[in-house]
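Chain by chain, the residues run as shown.
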Amino acid sequence: MSLQKINKKQPLVHCITNYVVANFTANGLLAVGASPVMADAIEEAAEMASKANALLLNMGTLNDRAIQSMKLAGQSANAHQIPVVLDPVGAGATVFRYETAKQLLELLTISIIRCNVGEMAAIAGADWESKGVDSGEGEIDVAETAMQLANKYQCIVVVTGKQDVITDGKRLEYVDGGHVKVTKMTGSGCLLSALCAAVLACGAKPFEDLVLLLNEYKKASANSYASIGTFHTNFLNELESTAGGNQ
Amino acid sequence: MSLQKINKKQPLVHCITNYVVANFTANGLLAVGASPVMADAIEEAAEMASKANALLLNMGTLNDRAIQSMKLAGQSANAHQIPVVLDPVGAGATVFRYETAKQLLELLTISIIRCNVGEMAAIAGADWESKGVDSGEGEIDVAETAMQLANKYQCIVVVTGKQDVITDGKRLEYVDGGHVKVTKMTGSGCLLSALCAAVLACGAKPFEDLVLLLNEYKKASANSYASIGTFHTNFLNELESTAGGNQ
Amino acid sequence: MSLQKINKKQPLVHCITNYVVANFTANGLLAVGASPVMADAIEEAAEMASKANALLLNMGTLNDRAIQSMKLAGQSANAHQIPVVLDPVGAGATVFRYETAKQLLELLTISIIRCNVGEMAAIAGADWESKGVDSGEGEIDVAETAMQLANKYQCIVVVTGKQDVITDGKRLEYVDGGHVKVTKMTGSGCLLSALCAAVLACGAKPFEDLVLLLNEYKKASANSYASIGTFHTNFLNELESTAGGNQ
């Protein structure tokens, strides 16, 4: 029960994320008992990261200031043994995003890359046609590519989609279920990345706990099925109740 | 059925918009089957626009970086025959916004200006007292001013309010209905501008399809009537069902 | 009935706030009949503030541009006798935030400081361990510290938590009630700060009206009790109905 662990530990998760999903990410973390702090100023990125239990770097609405802050926060987190999660949003959409993702992966020790197939394909240099920040289409061996990426960067790779794939380069797990409607709720992947960070801040066994998280997240989306506006409400309700937080 | 056309085509809409409504705009586009991508970095604005099916320029929370990105994205869209929608948020509120709106209209080929009466009055140089980003009050012939603006910039002008007015400088249509409560939901006008961009990405007959969109949007707000929190939920539900997207 | 006064006066509230809660703040102000305008560009901050009925300065996602805009807007508001509310988000979290809060308090005439205990402790230089933007833990005489701060800066200090404390340096009131779940909804404190600004724009008797507002806000959260997703919806519904705005 990964969400329950988060709710018990209540980790402080420093998020440098995009303004599209910042509110949803904060509310999703709060729903399961974590404490989000969004701070992307160059002047405070390193200090804030050093005080957090985990750091999330999300490339959703990238700009030069945010990149500098991500580097400073990431280096600070690395220096303080604080786990870092990278969500390379739209890495396949523009050269700017691709190069930023590569820079962050080269510069920092990343514990988890959480992405969709299109973003993974871009980082891995595979042949793929991304569609903006959506996954897009192409031919690729998802598991094989994920394992290569995990071994190359010595991290856990979580590739989400109709079927999630998670690997640490040796172990490989598939997670099915959920509901496609979750893709109609902006930030559902971004929030999952934030929850991965929260899990790292709690778990003695990251890989096993992340597999549990993916299952809990799939189940939450399946249980939330409704018209899309109602789905948003249901989804936060589901996350909270799965975390045992509705007191 | 404009929203159904969007749901069938699933266009990629590049939005350079404000951080107040970015989440709502993304969720509204997703609700009807479009793919939103928010990207406002100077480094990628032109490339992202060139890959999109339509571009939205929304001045809601303007800053110097965003203006540069809007110009680069707009010129790229023009070069690639990708339609551009301008939402001159608060054009009457400050000199900075007024001058930015004029610059964008002079520099770029804009397909649609979607605004409220106060914003139109400001751009047209009419006597009007705006109230922040709200329409405000004054005496003006809305249809006449809209037609002048449409002819001056060779575009379609959509002026929304209790009664919507749409014109391409020759044809003129009025759309009534809806519910005033939609004005209590921030971003309802901004989302409509984004949907206008999505319609342009689909429609062989922009003017007719936009008239349909305005009717569908009015109907969605009328059908969503409830206390304001519930109204938000209902409105996304309505957009989705109108688009035929609730599977 | 402070929210009813807001709904009657419909003040224009200029918010320089963070991108995490900008949407929720705008929707909360709209729910009670106020007109929010979010504008943080250096080029327009002073002009926008001069046209507003109240100004909110919220440090949630601070950056150097926003600080310059806050100073320009604040000086403009002071020059035009427009009340200014400061929400020193995370003042105890980083040196950057602490120093910014102090700078704003030294430079500007602030009418209200709305904060949590951790933020107050930081500004007052008291011994306290903040947790990101959450209050954190420590030993402090909240009422005593709040009165000192109110006298030092000649303003009203509103410290919210399980029990709210409000003082103008002479008078002191406690407000109990509400529901802890409101702390699981990001921006609940930020929205309250915005409503404090709206009250200042309306009230002949700020202190009394703010005490009423705190009671109405506590009651709204108590009445909204539900799973967290539903709580969000209920809370906006409650604010609207308390303001008498559900027509």
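In the block above lies the structure referred to throughout.
Presented here is an overview of the structure given in this document. (Residues numbered from 1 in each chain as written. Chains lettered and ligands numbered in written order. Predicted model: local features only at pLDDT ≥ 70, side-chain atom pairs only at ≥ 80, totals over all residues. Heavy atoms only, no water.)

1. Some remarks on the overall build of chain A
Formally: Secondary structure elements follow DSSP: runs of H or I no shorter than four residues count as helices, runs of E no shorter than two count as strands, and numbering proceeds from the N terminus. A contact between two residues is defined here by any heavy atoms of the two lying within 4.5 Å. Accessible surface is estimated by sampling points in the Shrake-Rupley manner with a 1.4 Å probe; for residues, cover comes only from the protein chains shown. Working convention for charge: Lys and Arg count positive, Asp and Glu count negative, and His plus the chain ends are omitted. Charge placement uses NZ in Lys and CZ in Arg. For Asp and Glu, CG and CD serve respectively.
When you go through chain A residue by residue, the secondary structure sums to 10 helices and 10 strands. Taken along its principal axes, the extent of the C-alpha atoms in chain A is 45 × 40 × 35 Å. For chain A, contacts bridging at least 24 residues in sequence account for 69% of all contacts bridging at least 6. Carbon together with sulfur atoms contributes 49% to the accessible area of chain A, which is approximately 8300 Å² in total. The distance from the centre of the 19 positive side-chain charges to the centre of the 25 negative ones in chain A is 4 Å.

2. What about helix α10 (residues 228-242) of chain A?
Residue and element names in this part refer to chain A. As a reminder, the rule being used: To estimate how far a helix should reach, multiply one less than its number of residues by 1.5 Å. For every residue, the accessible area (1.4 Å probe, protein chains only) is compared with the maximum for its type, and the residue is labelled buried under 20%, exposed over 50%, or partly exposed between those bounds.
Given a rise of 1.5 Å per residue, 15 residues ought to cover 21 Å, and the 20 Å separating the end C-alpha atoms of α10 matches this to within 8%. For α10, the buried fraction is high: 12 of the 15 residues fall into the buried class. Residues of α10 that are buried include every one of Ile228, Gly229, Phe231, His232, Thr233, Phe235, Leu236, Asn237, Glu238, Leu239, Glu240 and Thr242, and no others. Following α10 by one or two positions, Gly244 adopts a phi angle in the positive range, close to 75°.

3. Brief notes about the packing of aromatic side chains
Residue and element names in this part refer to chain A. What counts here: Any two of the Phe, Tyr and Trp rings considered here, Trp counted by its six-membered ring, make a pair once their centres fall within 6.5 Å; the pair's planes then place it as stacked at under 30 degrees, edge-to-face at over 60, or tilted in between.
Under the definition given, this model contains six aromatic pairs over all chains. Note on Tyr217 and Phe235: the rings are 5.1 Å apart at their centroids and 90° apart in plane angle, and the pair reads as edge-to-face. Here the residue Tyr217 occupies a position in helix α9 (residues 206-223), and Phe235 occupies one in helix α10, the gap between them amounting to 18 residues. The same class applies to Tyr217 as to Phe235, namely buried. These aromatic residues form a ring-pair network of at least three members: Tyr217, Phe231 and Phe235.

4. Quick look at the sheet that holds strand β9 (residues 164-167) of chain B
Residue and element names in this part refer to chain B. What counts, and what does not: Pairs of strands are assigned from DSSP output, requiring at least two bridges between the strands. Note on definitions: angles span 0 to 180 degrees between N-to-C directions of axes, and those axes are lines fitted to C-alpha atoms, for helices only across the stretch in contact.
Spatially, β2-β1-β3-β4-β5-β8-β9-β10 is the arrangement adopted by the eight strands of the open sheet, whose pairing is mixed. Lying at the two open borders of the sheet, with one neighbouring strand each, are β2 (35-38) and β10 (172-175). Averaged over all neighbouring strand pairs, the angle between strand axes comes to 20°, with direction disregarded. Where strand β4 (residues 84-87) lies against strand β5 (residues 112-116), two bridges are found, and the strand directions are parallel. Paired with Leu86 across the bridge in β5 is Ile113. In the packing of helix α2 (residues 22-31) onto the sheet, the strands contacted are β1 (12-16) and β2, and the crossing angle to β2 comes to about 155°. Each of β1, β3 (54-58) and β4 touches helix α4 (residues 64-79); the most contacted strand, β3, lies at about 155° to it.

5. Focus: the relation of the copies chain A and chain C
Going by this rule: We superpose the copies by least squares over the C-alpha atoms of residues that have a pLDDT of at least 70 in both of them.
Mapping chain A onto chain C calls for a rotation angle of 120° and an axial translation of 0.0 Å; the resulting RMSD is 0.0 Å. Such a combination of turn and shift is consistent with a three-fold rotation axis. When C-alpha distances to the rotation axis are compared across chain A, the minimum falls at Tyr19 of chain A, with a value of 3.3 Å. Here only 7% of the interface residues in chain A have copies in chain C that are interface residues too; the copies meet through unlike faces.

6. Brief notes about the nonpolar core
Basically, it comes down to this: Put simply, a nonpolar core is a bunch of buried Ala, Val, Leu, Ile, Met, Phe, Trp, Tyr and Cys residues held in one set by side-chain atoms that sit within 4.5 Å of each other.
Formed by 150 residues in total, the largest nonpolar core has its most connected members in Phe235 of chain A, Phe235 of chain B together with Phe235 of chain C. Setting aside its immediate chain neighbours within four residues, Phe235 of chain C contacts Phe24, Val182, Met185, Leu191, Tyr217, Ala220, Ser221 and Ser224 of chain C.

7. Topic: the pattern of salt bridges
Where we set the bar: Any Lys or Arg side-chain nitrogen located within 4 Å of an Asp or Glu carboxyl oxygen qualifies as a salt bridge.
If you walk through the whole model with that rule in mind, you get 24 salt bridges over all chains. One salt bridge in this structure joins Lys218 of chain B and Asp164 of chain B, with 3.4 Å as the shortest N-O distance. Taken together, the residues Lys218 of chain B in helix α9 (residues 206-223) and Asp164 of chain B in strand β9 connect sequence positions 54 residues apart. Taken as a pair, Lys218 of chain B and Asp164 of chain B share a single burial class, namely buried. In this structure, Asp168 of chain C engages Arg171 of chain C in a salt bridge whose closest nitrogen and oxygen atoms are separated by 2.8 Å.

8. Observations regarding the interface of chain A and chain C
The condition that has to hold: Once two parts are brought into contact, the accessible area they lose, counted with a 1.4 Å probe and summed over both, makes up the buried area. Contacts described as polar in this section are N or O atom pairs within 3.5 Å, which, within protein, must combine one atom able to donate a hydrogen with one able to accept it, while residues neighboring in sequence count only if both atoms come from side chains. When residues are sorted by character, Ala, Val, Leu, Ile, Met, Phe, Trp, Tyr, Cys and Pro go into the nonpolar class, Asp, Glu, Lys and Arg into the charged class, and all the rest, Gly among them, into the polar class.
Counting residues at the interface gives 30 residues for chain A, matched by 33 residues for chain C. Note on chain A versus chain C: buried area summed over both sides is about 2600 Å², and carbon and sulfur give 50% of it. On the surface where chain A and chain C come into contact, there are two salt bridges. Run the count over chain A and chain C and you get 12 residue pairs in polar contact (both at pLDDT 80 or more). Elements that contribute at least two residues to the side of chain A that touches chain C include exactly α2 (22-31), β2 (35-38), α3 (45-51) and α10 of chain A. It is α2 of chain A that contributes the most residues to the side of chain A that touches chain C, six residues altogether. When the residues that make up the side of chain A that touches chain C are grouped by side-chain class, the tally is 13 nonpolar, 10 polar and seven charged.

9. Details of the environment of Ala91 of chain A
Residue and element names in this part refer to chain A. For Ala91, the location among the structural elements is in the loop between β4 (84-87) and α5 (95-107). Classification of Ala91 as buried rests on a relative accessible area of 1%. Taking the C-alpha atoms as reference, Ala91 lies 10 Å from Ala124; in sequence the two are 33 residues apart. Every residue in contact with Ala91, bar those within four places of it in the chain, is listed here: Arg97, Tyr98, Ala101, Glu119, Ala122 and Ile123.

10. Description of the interface of chain B and chain A
Interface size is often expressed as the accessible area that is lost when the parts come together. With 30 residues of chain B at the interface, the matching set in chain A holds 33 residues. Summed over the three residues of chain B that lose the most area to chain A, namely Leu30, Glu43 and Glu44 of chain B, the buried surface amounts to 18% of that side. Seen at the junction of chain B and chain A, the total is two salt bridges. We note a salt bridge from Glu44 of chain B to Arg97 of chain A, for which the minimum N-O separation is 2.7 Å. Those elements that place two or more of their residues in the side of chain B that touches chain A are α2, β2, α3 (45-51) and α10 (228-242) of chain B.

11. What to know about the environment of Leu214 of chain C
All names here are of chain C. Inspection of the secondary structure puts Leu214 in helix α9 (residues 206-223). Spatially, the C-alpha atoms of Leu214 and Leu192 are 8.3 Å apart, while their sequence positions differ by 22 residues. With residues near it in sequence (within four places) discarded, Leu214 still touches Val158, Thr160, Asp164, Ile166, Val175 and Leu192.

12. Thoughts on the packing of α10 of chain B against helix α10 (residues 228-242) of chain C
As a reminder, the rule being used: Should an angle fall under 35 degrees it is taken as roughly parallel, and over 145 as roughly antiparallel, whereas 65 to 115 is taken as roughly perpendicular and any remaining angle as oblique.
In the contact formed by α10 of chain B and α10 of chain C, the axes pass within 6 Å of each other and the chain directions differ by 135°. Taken together, the axes of α10 of chain B and α10 of chain C are oblique relative to one another. Between α10 of chain B and α10 of chain C, the contacting residues are Ile228, Gly229, Thr230, His232 and Thr233 of chain B on the first element and Thr233, Leu236, Asn237 and Glu240 of chain C on the second. A class-by-class count of the residues in the contact of α10 of chain B with α10 of chain C yields two nonpolar, six polar and one charged.

13. Here we look at the side chain of Glu119 of chain A
Residues and elements named next belong to chain A. With respect to the helices and strands, the residue Glu119 is situated in helix α6 (residues 117-124). For the buried residue Glu119, which engages in no salt bridge, the nearest side chain bearing the opposite charge is Arg114, 5.0 Å off. Apart from the residues lying within four places of it in its own chain, the contact partners of Glu119 are Asp87, Pro88, Val89, Gly90, Ala91 and Val133.

14. Some thoughts on helix α8 (residues 188-200) of chain B
Here α8 of chain B contains 13 residues, and its C-alpha end-to-end distance of 19 Å stays within 8% of the 18 Å for a straight helix at 1.5 Å per residue. Most of α8 of chain B is tucked away: 13 of the 13 residues are buried.

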